[in-house]
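What follows is the residue order along each chain.
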Amino acid sequence: MDKLVSVFRKIARLLTIILLLVLAAFELVAFVRSFGGGFMDAITGITMHLLLTLLFGAPAVLLLVKKDREALITLSFLMGYLFISAVVNLIGHGVLIDADLPALTVIYGIVAFTLGLAYAFVLICFLFDKVFGTKLMKIGFIVLVFSLALLFVLLILQVIMAIKNDSFDWFLNNFQAGIIVPLVMIFGLMLLDDNGQ
């Protein structure tokens with residue numbers, strides 16, 4: 001397992017750049033589409049998507065031009081925002097674990113809730129490492145690697161649910177938030193840890 005973590009660490013920088021640029025592209029497309037709504041809808045969408053485009057794009061561009069110090073500072077803030085948002089969002093899927101809901105929805109809820117708990121554990125490990133100098137992130141990175149399997153399961157479930165509900169837009173939105181963002185979190189955190197942030 002340590003060898004697998006080591007392999008992921010070696011490609012963390014490249015994957016972080018690529019994934020951040022993909023997220024920025026998603027937000028840029030959403031930014032352009034915001035011009036079609038009502039006045040306040042357009043203003044709200046334009047502001048939100050422009051900010052997110054900059055938030056995702058800035059560390060990627062800084063890493064590309066070798067401005068590592070500035071890149072890692074902006075990436076630190078981004079990782080904090082993404083981890084807290086993901087933990088709250090994924091754990092919130094626990095409400096889907098209900099016998100009255102369809103089995104597919106319940107399974108999705110179980111996987112998402114479990115992933116949220118895993119990210120919460122990793123975040124605690126990272127904070128304890130930085131504040132108290134513990135070595136908990138060795139376990140945290142193993143949990144992160146295992147979380148890739150849960151992400152794969154979520155992707156399959158999203159594809160099935162999108163086909164079943166004939167909702168391509170829903171799939172794209174969930175693919176961005178549920179797959180790409182967690183991948184940025186995983187490799188971004190590895191990059192930060194390797195650089196002593």
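Residues numbered from 1 in each chain as written. Predicted model: local features only at pLDDT ≥ 70, side-chain atom pairs only at ≥ 80, totals over all residues. Heavy atoms only, no water.

Undergrad: Please provide a residue-by-residue account of the nonpolar core, values included.
TA: Membership of the largest hydrophobic core comes to 54 residues, with the highest contact counts inside it found for Phe-56, Leu-75, Leu-82, Tyr-119, Phe-187 and Met-190. Those elements that provide at least two residues to this core are helix H1 (2-33), helix H2 (39-64), helix H3 (68-92), helix H4 (103-132), helix H5 (137-165) and helix H6 (168-194). Considering each element in turn, this core owes the most residues, 12 residues, to H6. If we skip the residues at most four places from it in the chain, Met-190 touches Phe-8, Arg-9, Ala-12, Phe-141 and Val-145. (Core = buried A, V, L, I, M, F, W, Y, C linked by side-chain atoms within 4.5 Å. Buried < 20%, exposed > 50% of the residue type's maximum accessible area, 1.4 Å probe, protein only. Helix = DSSP H or I, 4+ residues; strand = E, 2+ residues; numbered from the N terminus. Contact = heavy atoms within 4.5 Å.)

Undergrad: How would you explain a nonpolar patch on the surface if you had to name every residue and give the values?
TA: Taken together, Phe-121, Ile-124, Leu-127, Phe-128, Val-131, Phe-132, Leu-136 and Ile-139 make up a surface patch of nonpolar side chains, about 750 Å² in accessible area. Take the nonpolar patch: its biggest share by element is 6 residues, from H4. Residue position: Ile-124 is located in helix H4. Note on Ile-124: relative accessible area 47%, which makes it partly exposed. (Patch = residues over 30% accessible without salt bridge, like charges linked within 9 Å, V, L, I, M, F, W, Y side chains within 5 Å. Areas by Shrake-Rupley, 256 points an atom, 1.4 Å probe, with all protein chains shown as cover. Salt bridge = Lys/Arg side-chain N within 4 Å of Asp/Glu carboxyl O.)

Note that every value here comes from positions in space, so none of it alone points to a role or purpose.
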